[in-house]
Amino acid sequence: MRKLLTSLGIAALVSFSSLGTAHAAGDAVEMKSVAWKHGGIFGTYDRAAAQRGLQVYREVCAGCHGLGLVAFRTLSDLGFSEEEIKAIAAESEYVDGPDGEGEMFDRPGKPSDKFPAPFPNEQAARASNGGAYPPDLSLMSKARPNGDNYLYSLLTGYGDAPADFNLAEGMNYNAYFAGHQIAMPPPLSEDAVEYSDGTPATVDQMAKDVTVFLAWAAEPKLEQRKSVGLRVILFLLILAAVFYAVKRKVWSDLH
Amino acid sequence: MSFEPKNPVVKWVEDRLPITGMLHHALYEYPTPKNLSYWWTFGSLAGVMLVVQIVTGIVLAMHYTPHVDMAFTSVEHIMRDVNYGWLLRYMHANGASMFFIVVYLHIFRGMYYGSYKAPRELLWWLGLVIFLLMMATAFMGYVLPWGQMSFWGATVITNLFGAIPVVGDSIVTWLWGGFAVDNPTLNRFFSLHYLLPFVIVGIVILHIWALHTNGSNNPTGVELKDKQDSIPFHPYYTVKDLYGLAIFLIFFSAFLFYAPNYMGHPDNYIPANPLVTPAHIVPEWYFLPFYAILRAVPDKLGGVLLMFGAIAVLFALPWLDKSRIRSARFRPIYKQLFWVFVLDCILLTYIGGKPAEGAYIIWGRIATVYYFVHILILLPLVGLFEKPKPLPASISEDVLSKKPASEEAANA
């Protein structure tokens, strides 16, 4: 049994370490590491941070980046009331239809709508962004290795390029982006938003907040998953103990 | 202990379709060696995982849309909108990894205890057929979410068939249903991904049939001699397997609930884009040893042949292994070689996940050569020259010889 567990452990370790390293691309810099409240076995999303992060997304990121997989109604996860959600949704315009006359019409957003796309198509997005395509952020925190730390590091990782670095025209130096040059100019600056809860809107604070919001956007069921998991594992531990006792009992008459 | 139904309904059915008797025979009368260790649990665990995959897969298919424009969002719809859809999908995705973990341990157990030797060659073969079908099923399943790794993995692997001389290109076009991996490819992969698990079920039935024909091997490798050596499968092994299952499910749950994306690849959360190639195209971890062998050869056709050869040679194992002794417990040299072979397979897995550059290429080649040297050269030679330890006269004798003296005194 001991050997079995050791081998299982080794097999697991090896497969994971090889996986982890398989993700690493190029000469990546070691990322900044934050102890996120939603990490760990009992982790839950920091509601206040996520709400502030939504504000950062809407006032800063949403100009270029979509969030096309997230419906307004799901904001209730973050503690928004039905009225607040209706108000947030109504701030966006949607083309709907056709109506009875066969005409398309504009209407304000509803809670069942997804966050609106900032550009009608990829070509329009590229044309407005010097040829670069700002990706949708719905899954960003899961679509990059160590995604939460990556997003935070990236948002706070702008700086002057080293003297010997050959920065292309229209690009910005970022220590954490693959290849270190990124088309996106530094999106956050001191007091880019004004937080209603009085939290000082430093670049670091906004980067953390929007990262929490995007982590929720990518994995909205994280809290349910962890709480179900805890109960399942506790149940299985008891079940295993019962089976072990029964096994001992059944086998005790053998010599 | 033949089956005499007492219940009149059961008797009525039994006289017309002796199915209860068959189950009774398989569970109560089927003699199982009494010394099976927990390594023998992985067979039934593999069966459980197959059922888990089929059940979760059928429900996922009710919500999934196999179309290049909708597949990715339909998976996200499952993750976000379907009740417990996240659980189903994570169970299915991690379940595939769990299935392979269990099956790899099951295969290594067979190799350690010489379970493939006569009269169990066909049992071994059927197991390898299941393994091949699993790989095909898993590969096609990984394509369905239509993320970047799905698309590029499918492109790389299907392109391998292009290495076949003369007809290679035609075969690839035929597999794709077009001139690139596209909607027809996704549709047929979905269809086959749904079909193959049921083919696996069929082969599993043959696998169990072959198993029950000669019975389980056991840690001594000595065949059952008399009644003293065996116990009925139920309740002894049903309860032992249930305990093993509970422990295994805890391991499964740890990933499922706390690291559900650990064994996946972040790039697969990016929708497939035929115009952007990921920096490193890496298959799922369970394919990495074979991927390493593929890349160890500088020639495409050579690499493909060697990769398929790595599994093909396993079919010849019963004849390549010249030793008449089954269990490595009594084969001092083979025992060492077995563990070196395991390390070699782990090294191949590691190399398979690394970019093909520098020292990784050299190590990949060394590990590949050793894989074949072990199976094709060392295994036959060791069988001829190794001096085995004395075998116990029977399973009973072996079990009793291991009992501590105090316990024996208490039993006396």
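For the structure itself, consult the block above.
**Thoughts on the environment of Lys-110 of chain A**
All names here are of chain A. Along the chain, Lys-110 falls in the loop between strand 2 (105–108) and helix 4 (122–128). Taking the C-alpha atoms as reference points, Lys-110 and Asn-174, 64 residues apart in sequence, are found 38 Å from one another. If we skip the residues at most four places from it in the chain, Lys-110 touches Phe-72 and Ala-89.

**Considering the side chain of Glu-14 of chain B**
Residue and element names in this part refer to chain B. For Glu-14, the position within the fold is in helix 1 (residues 8–16). Summary of buried charges: Glu-14 has no salt-bridge partner, and the nearest side chain of opposite charge, Lys-11, is 9.4 Å away. A polar contact is formed between the side chain of Glu-14 and the backbone nitrogen of Thr-20, at a distance of 3.3 Å. There is a polar contact of 3.1 Å between the side chain of Glu-14 and the backbone nitrogen of Gly-21.

**What to know about helix 3 (residues 82–90) of chain A**
Of the positions making up helix 3 of chain A, those classed as buried are Ile-85, Ile-88 and Ala-89 of chain A. Buried residues along helix 3 of chain A cover an arc of 95° about the axis, so they all sit on one side.

**Some details on empty space enclosed by the protein**
Residue and element names in this part refer to chain B. Within this structure, the stated rule accounts for 5 cavities of 30 Å³ or more. Of the voids in this model, the largest cavity is the one considered here, and its volume is about 140 Å³. Around the largest cavity, the lining is made up of 16 residues, and of these Phe-139, Tyr-142, Gly-153, Ile-157 and Pro-283 lie nearest the centre. Among the secondary structure elements, those contributing two or more residues to the lining of the largest cavity are helix 6 (121–143) and helix 7 (148–160). In terms of residue count, the dominant contributor to the lining of the largest cavity is helix 7 (6 residues). Its residues assigned to classes, the lining of the largest cavity shows 13 nonpolar, 2 polar and 1 charged. Going through the elements one at a time, helix 11 (288–296) and helix 15 (359–385) are the ones with two or more residues in the lining of the second largest cavity. No other element matches the 4 residues that helix 15 contributes to the lining of the second largest cavity.

**Describing the packing of helix 5 (residues 85–112) of chain B against helix 10 (residues 233–258) of chain B**
Between two packed helices, both the angle of their axes relative to each other and the distance between the axes serve to describe the pair. Residue and element names in this part refer to chain B. Their axes nearest at 9 Å, the elements helix 5 and helix 10 cross at an angle of 130°. In terms of axis orientation, helix 5 runs oblique to helix 10. For the pair helix 5 and helix 10, the crossing hand works out as right-handed. Contact residues: Trp-86, Leu-87, Tyr-90, Met-91, Asn-94, Gly-95, Met-98, Ile-101 and Val-102 in helix 5; Phe-248, Phe-251, Phe-252, Phe-255, Leu-256 and Phe-257 in helix 10. When its residues are assigned to classes, the contact of helix 5 with helix 10 shows 13 nonpolar, 2 polar and no charged.

**Concerning the packing of aromatic side chains**
Per the stated rule, a full pass over the model turns up 44 aromatic pairs over all chains. Measuring from ring centre to ring centre gives 5.6 Å for Trp-251 of chain A and Tyr-236 of chain B, while their planes differ by 85°; the resulting arrangement is edge-to-face. Placement of the pair is Trp-251 of chain A in helix 8 (residues 222–251) and Tyr-236 of chain B in helix 10, with the two residues belonging to separate chains. Of the residues examined, Tyr-236 of chain B reaches a relative accessible area of 10% and is grouped as buried. Ring geometry for Phe-139 of chain B versus Phe-189 of chain B: centroids 5.6 Å apart, planes at 65°, classification edge-to-face. On the criterion of sequence distance, the pair formed by Phe-139 of chain B in helix 6 and Phe-189 of chain B in helix 9 (residues 183–214) is long-range, its members being 50 residues apart. The pair Phe-139 of chain B / Phe-189 of chain B is uniform in exposure class, with both members buried. An aromatic cluster of three or more residues is present, and its members are Trp-40, Phe-108, Tyr-112, Tyr-113, Tyr-334, Phe-338, Trp-339, Phe-341, Tyr-371 and Phe-372 of chain B.

**Considering unusual backbone geometry**
For the bond running from Gly-97 of chain A to Pro-98 of chain A, omega is 0°, close enough to zero to count as cis. Structurally, Pro-98 of chain A is set in the loop between strand 1 (93–96) and strand 2. Between Ala-118 of chain B and the following residue, Pro-119 of chain B, the backbone shows a cis peptide bond with an omega angle of 5°. Following the sequence through the fold, Pro-119 of chain B ends up in the loop between helix 5 and helix 6. With a phi close to 60°, Asp-191 of chain A is a non-glycine residue in the positive phi region. Within the secondary structure, Asp-191 of chain A sits in the loop between strand 4 (181–182) and helix 7 (203–218). Accessibility expressed as a relative area gives 56% for Asp-191 of chain A, which makes it exposed. At Val-166 of chain B, a position not held by glycine, the phi torsion is positive, near 65°.

**Examining the pattern of salt bridges**
Under the defined criterion, the tally for this structure stands at 20 salt bridges over all chains. Between Arg-225 of chain A and Glu-219 of chain A there is a salt bridge whose closest N-O contact spans 2.3 Å. Per residue, the accessibility class of Arg-225 of chain A equals that of Glu-219 of chain A, and both read buried. Linked by salt bridges that have partners in common, Lys-117, Asp-321, Arg-331 and Glu-386 of chain B make up one network.

Here is what the cut-offs are and how they apply
Residues numbered from 1 in each chain as written. Chains lettered and ligands numbered in written order. Predicted model: local features only at pLDDT ≥ 70, side-chain atom pairs only at ≥ 80, totals over all residues. Heavy atoms only, no water. Helix = DSSP H or I, 4+ residues; strand = E, 2+ residues; numbered from the N terminus. Contact = heavy atoms within 4.5 Å. Buried < 20%, exposed > 50% of the residue type's maximum accessible area, 1.4 Å probe, protein only. Lys, Arg positive; Asp, Glu negative; His and termini not counted. Salt bridge = Lys/Arg side-chain N within 4 Å of Asp/Glu carboxyl O. Polar contact = N/O pair within 3.5 Å; in protein donor to acceptor, adjacent residues only side chain to side chain. Arc of directions from axis to C-beta. 1 Å grid on protein atoms, 1.4 Å probe; cavity = no way out; pocket = protein on both sides within 12 Å on 5 of 7 lines; lining within 4 Å. Points joined across faces, edges and corners; volume = space filled by probe spheres on them. Nonpolar A, V, L, I, M, F, W, Y, C, P; charged D, E, K, R; others polar. Axes fitted to C-alpha atoms, helices over the stretch in contact; angles between N-to-C directions. Parallel < 35°, antiparallel > 145°, perpendicular 65-115°, else oblique. Left-handed = near helix turned anticlockwise from the far one by under 90°. Phe/Tyr/Trp six-rings, centres within 6.5 Å; stacked < 30°, edge-to-face > 60°.

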